Amino acid sequence: MKLVRIEKNGMPKWGVLQGGTVYTLSQVPYEEIRYDGGQEPLEDCVLLVPCQPGKIVCLGKNYYDHAIEMNDGVPEQPILFIKTPNCLNRPEGTVHAPAFVKRLDYEGELAFVIKKLARNILPADAFHYILGYTCLNDVTARDIQKLDGQWTRSKCMDGFAPMGPVLTDEVNPADLKIETRLNGKTVQSSTTARFMTKIPEMLAFITAALTLEPGDVVTTGTPAGIGPMVPGDTVEIEIEGIGVLRSHIV
């Protein structure tokens, strides 16, 4: 199933995407899928972020090659940080950094959305808590990250988490091709098979420390090839079986 959120009559609306048609829902799909009888052609829809998280829990340095390119060591256990809801940015949205940011980086990632309360879960049970998978750009003010010595300000500026275009449970997250393109040129190319911490273990690690609630997002880290974006650039993150998340830098 492919879930989307669209703008309809100026309001957000959940729907199920089948072919080129969005069949709208009467409620959030965390517990059950309930149709309201409406439908919209996809070409007439404005896609929104396909979730409503209270928090976005992020893994840092979850690909060995990215940990090496950062030049500050390979972690012995998962590194967690948070992006806040103000970061959310829709497919085809614009990303604009404050004037004091001198280097703005893309980071293409696989993300997933939680569908029920998750606390102290076991790795074997992890996939029972996942509603679906999507693309995420962990936009980072790299110079601010280095200046501050911690990641909150550099990761949590407005619009710094484009997500979408769909949320799907029709993929196997253990081995998905992930690619980031900058103005059509491939700058990141990898597979989720290269995760250092796999999804069951990362979800167990996270929920041993903090409770995840329906709609919360976990984003799984970026492969090597991070680099800068400037106004006028277009960034595309494509993940096998999910689609293309496109953002415009202004």
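A brief report on the enclosed structure follows. Owing to the predicted nature of the structure, the values given are computational and were not obtained by experimental measurement. Note on numbering: residues in each chain are counted from 1, in written sequence order. The model is predicted, so local features are restricted to residues of pLDDT at least 70 and side-chain atom pairs to those at 80 or more, both for listing and for counting; the totals for chains, interfaces and linings are taken over all residues. To obtain the side-chain values, all non-hydrogen atoms of the structure were included, while hydrogens and water were left out.

1. A word on the sheet that holds strand E19 (residues 234-239)
Here the rule is simple: two strands pair whenever DSSP picks up at least two bridges between them. Strands are runs of DSSP state E lasting at least two residues, helices are runs of H or I lasting at least four, and both sets are numbered from the N terminus onward. Taking strand neighbours across the sheet as the criterion, the five strands line up as E9-E20-E19-E15-E16 in an open arrangement whose pairing is mixed. Of all the strands in the sheet, just strand E9 (94-95) and strand E16 (185-191) have a single pairing partner and so form its edges. In the sheet, E9 pairs with strand E20 (residues 243-249) via two bridges, with the strands oriented parallel. Pairing of Val95 across the sheet is with Ile249, part of E20.

2. Description of the layout of surface pockets
Approximately 230 Å³ is the volume found for the largest pocket. Method remark: on a 1 Å grid restricted to protein atoms, a set of points is classed as a cavity if a 1.4 Å probe fits but cannot get out and as a pocket if it is open with protein on both sides within 12 Å along at least five of seven lines; lining residues have an atom within 4 Å of a point. Considering the residues around the largest pocket, the lining is formed by 18 residues, among which Lys61, Met70, Arg142, Gln145 and Trp151 are closest to the centre. Where the lining of the largest pocket is concerned, the elements lending two or more residues are strand E6 (56-60) and helix H2 (142-148). Per-element tally for the lining of the largest pocket: the top contributor is H2, with three residues. Grid points are joined across faces, edges and corners, and a volume is the space filled by probe spheres set on the points. Within this model, the second largest pocket holds a volume of roughly 170 Å³. Along the walls of the second largest pocket sit 14 residues, with Ala97, Val101, Leu104, Met229 and Pro231 positioned nearest its centre. Throughout this entry, Asp, Glu, Lys and Arg are counted as charged residues, while Ala, Val, Leu, Ile, Met, Phe, Trp, Tyr, Cys and Pro are counted as nonpolar. The remaining residues, Gly among them, count as polar. Across the lining of the second largest pocket, the residue classes break down as 11 nonpolar, one polar and two charged.

3. Notes on the packing of aromatic side chains
Any Phe, Tyr or Trp ring, taking Trp's six-membered ring, that has another such ring centre within 6.5 Å forms a pair; planes under 30 degrees apart are called stacked, those over 60 apart edge-to-face, and the others tilted. Across all of its chains, the model carries four aromatic pairs by this definition. On the basis of an interplanar angle of 75° and a centroid distance of 4.9 Å, the ring pair of Phe81 and Trp151 is categorised as edge-to-face. Of the two residues, Phe81 sits in strand E7 (residues 79-83) while Trp151 sits in the loop between H2 and helix H3 (152-155), which places them 70 residues apart along the sequence. The class of Phe81 is buried, set by a relative accessible area of 10%. Criterion for a charge above a ring: Arg CZ or Lys NZ at most 6 Å from the ring centre, at most 35 degrees from the ring normal. The aromatic ring of Trp14 is capped on one face by Arg5, whose charged end is 6.0 Å from the ring centroid. Here the guanidinium or amino end of Lys116 rests over the ring plane of Tyr129, the centre of that ring lying 4.9 Å away. Exposure classes here rest on a 1.4 Å probe applied to the protein chains alone. A residue is buried below 20% of its type maximum, exposed above 50%, and partly exposed in between.

4. Description of a nonpolar patch on the surface
Residues Tyr64, Ile68, Val74 and Met196 make up a contiguous nonpolar surface patch of about 350 Å² in total accessible area. Checked against the element boundaries, Tyr64 lands in helix H1 (residues 64-69). Each patch is built from residues that are more than 30% exposed by relative accessible area and take part in no salt bridge. Like charges join if they lie within 9 Å; nonpolar side chains (Val, Leu, Ile, Met, Phe, Trp, Tyr) join within 5 Å. Here, Shrake-Rupley sampling with a 1.4 Å probe gives the accessible areas, and only protein chains in the shown set may cover a residue. Put simply, a salt bridge is a Lys or Arg side-chain nitrogen that is within 4 Å of an Asp or Glu carboxyl oxygen.

5. A short note on the sheet that holds strand E18 (residues 227-229)
Taken together, the three strands give an open sheet; going across it, the order is E13-E10-E18, and neighbouring strands pair in antiparallel fashion. Edge strands, defined here as strands with exactly one partner in the open sheet, are strand E13 (140-141) and E18.

Just geometry here; none of it tells us what the structure is for.
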